[in-house]
Amino acid sequence: MLCHLCASTITLCILWITMAQVSGQEDKEKTTALKDLLSRIDLDELMKKDEPPFTFPKTLEEFEYAFDEDGQLRHIKTGERFVFNAREDLHRWNQKRYEALGEIITQYVYKLLEEKCKLRKEVIPVDASDGEPTSFIYMSSDALTNPSKLLILIQGSGVVRAGQWARRLIINQDLNSGTQIPFIERAMEDGYGVMVLNPNENFFEVEKPAKISPIPSPTEPSDEPAEKRERKDNKEGKKKKEFYEKYRNPQKETETERIPIRGSASSEEHVLYVWDYFVSKALAKNVFIVAHSYGGLSFVELMNQREIQVKNKVCAVALTDSSHNIWLQDTSKGTQDWMHQCCQNWVSSPEPLDTPLDSMLPDCPRFSAGTERHELTSWISFKSIFKFFSEALKAKEDEEQEENSNTVTTRSSSHKNKHQDL
């Protein structure tokens, strides 16, 4: 209440100043007095009082939230869903609170990957030196040794980290729709090895040292005319007013410096690095990839860089609302033909799930994901994706079996002809 009164007082003072200036020379003394009064109000301190500090709980328990048996985030006392607007008219504070909860969710998902899915963390770069910024991916114990199948999961861009499709879904809907855990568990049941990529962990942030403000030199008498000084003072006062109106609550945030992680400075670089140091060395004859949103663009960039390797090793790719563009990414005709044969893209659409859609570009076939929400496309098309993988693998095995049969028949005919000649 006090803060609102102070804000009203400031606005009223500024209005008085403006009216006094208009009234003419006779009110100049009033203007000077009011300006002096306004200069005594510490705007920074006033604004800080109007917004709570950016200090938030460090655990779900301290936030008083927990995931129930259905994987939904609920308040432990009221049972209600997460409420974004915890404090009205404090959007920036609410956003910071949401981000703080998001960081806790990230650690919670990591724990699930390790304890529930039994995945192990692999640090990258693999040859990182002491003190060098690093990232990591998650792998099943048989990811490199499974001779048959390997599943690779690549999420989109943004704040999501390893094991997540969408933070918003985890917080507002449930773990199944927002995390990659259902894909991991289904893959393990079906005999796949698993790799969970982490394409958005690109930088290591360090706090910048505080800047030391120079000691101001004693003020010397100005040679500027009084009228010019007055205009300058009015301009500074206007800036303060605009600053207050635009940012009611500007708490100073810590300035950080970003140090890029070698091999993972971008999503595209991360996917290429993981391919070179892990996927290319895996024993699996059949690699399958699920890539959401920007992850699809990163996969296409991988094809541009490692086209022959990908064609030889990858059996099928499921994209979900992919943001790739074969023209802007300058893909080859061979890549486009391979994608048309081995990829499918489930896109956001009001049509029922798996409804064929017109392809705007000559690459992979497009199907409806059964939802118009971009972040839900992976989860809604979950069963369709694994059906697609099974059919792709069966078609490949049938083709190989037919080729082997033809080879045996050819050899038998050749041997028979030689015997008849004798």
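By the naming in an unreviewed UniProt entry, the chain goes by ARB2 cotranscriptional regulator A and is assigned to Oryzias latipes.

Summing up its helical and strand segments, the chain has 15 helices and 13 strands in all. For the chain, the proportion of its 422 residues judged to be buried stands at 41%. Across the chain, every contact between residues at least 6 apart in sequence was considered, and the portion connecting residues at least 24 apart equals 72%. With the model as given, the accessible surface of the chain reaches about 24600 Å², and the carbon-plus-sulfur share is 52%.

Let us look at the nonpolar core. If you look at the biggest cluster of nonpolar residues, it comprises 51 residues, and the most contacted ones within it are Leu151, Val290 and Phe389. Both domains that meet at this core, namely domain 1 (52-116) and domain 2 (120-205 + 259-406), each give it at least three residues. Excluding anything up to four places from it in sequence, phenylalanine 389 contacts Leu151, Tyr192, Phe288, Ile289, Val290, Ala316, Val317 and Ala318.

On to the packing of helix H10 (residues 267-277) against helix H11 (residues 294-305), then. At a closest axis distance of 9 Å, the pairing of H10 and H11 adopts a crossing angle of 55°. Here H10 lies oblique to H11, going by the angle between them. Of the two possible hands of crossing, H10 and H11 adopt the one that is right-handed. Contacts between H10 and H11 involve Ser267, Glu268, Val271, Leu272 and Trp275 from the first element and Tyr294, Leu297, Ser298, Glu301, Leu302 and Gln305 from the second. For the contact of H10 with H11, the class distribution of residues is 6 nonpolar, 3 polar and 2 charged.

This paragraph deals with the state of the cysteines. One pass over the full model with this rule turns up 0 disulfides. A disulfide-free cysteine, cysteine 343 has its sulfur positioned 5.4 Å from the sulfur of cysteine 364, the nearest such atom.

Turning next to the side chain of serine 381. Topologically, serine 381 is positioned in the loop between helix H14 (377-380) and helix H15 (382-421). Classification of serine 381 by relative accessible area gives buried; the value is 0%.

This paragraph deals with the pattern of salt bridges. If you walk through the whole model with that rule in mind, you get 17 salt bridges. Salt bridges here are not isolated pairs; linked through shared partners, they connect Asp127, Glu132 and Arg262.

Conventions we followed
Residues numbered from 1 in each chain as written. Predicted model: local features only at pLDDT ≥ 70, side-chain atom pairs only at ≥ 80, totals over all residues. Heavy atoms only, no water. Helix = DSSP H or I, 4+ residues; strand = E, 2+ residues; numbered from the N terminus. Buried < 20%, exposed > 50% of the residue type's maximum accessible area, 1.4 Å probe, protein only. Contact = heavy atoms within 4.5 Å. Areas by Shrake-Rupley, 256 points an atom, 1.4 Å probe, with all protein chains shown as cover. Core = buried A, V, L, I, M, F, W, Y, C linked by side-chain atoms within 4.5 Å. Domains from an automatic or database assignment. Axes fitted to C-alpha atoms, helices over the stretch in contact; angles between N-to-C directions. Parallel < 35°, antiparallel > 145°, perpendicular 65-115°, else oblique. Left-handed = near helix turned anticlockwise from the far one by under 90°. Nonpolar A, V, L, I, M, F, W, Y, C, P; charged D, E, K, R; others polar. Disulfide = S-S within 2.5 Å. Salt bridge = Lys/Arg side-chain N within 4 Å of Asp/Glu carboxyl O.

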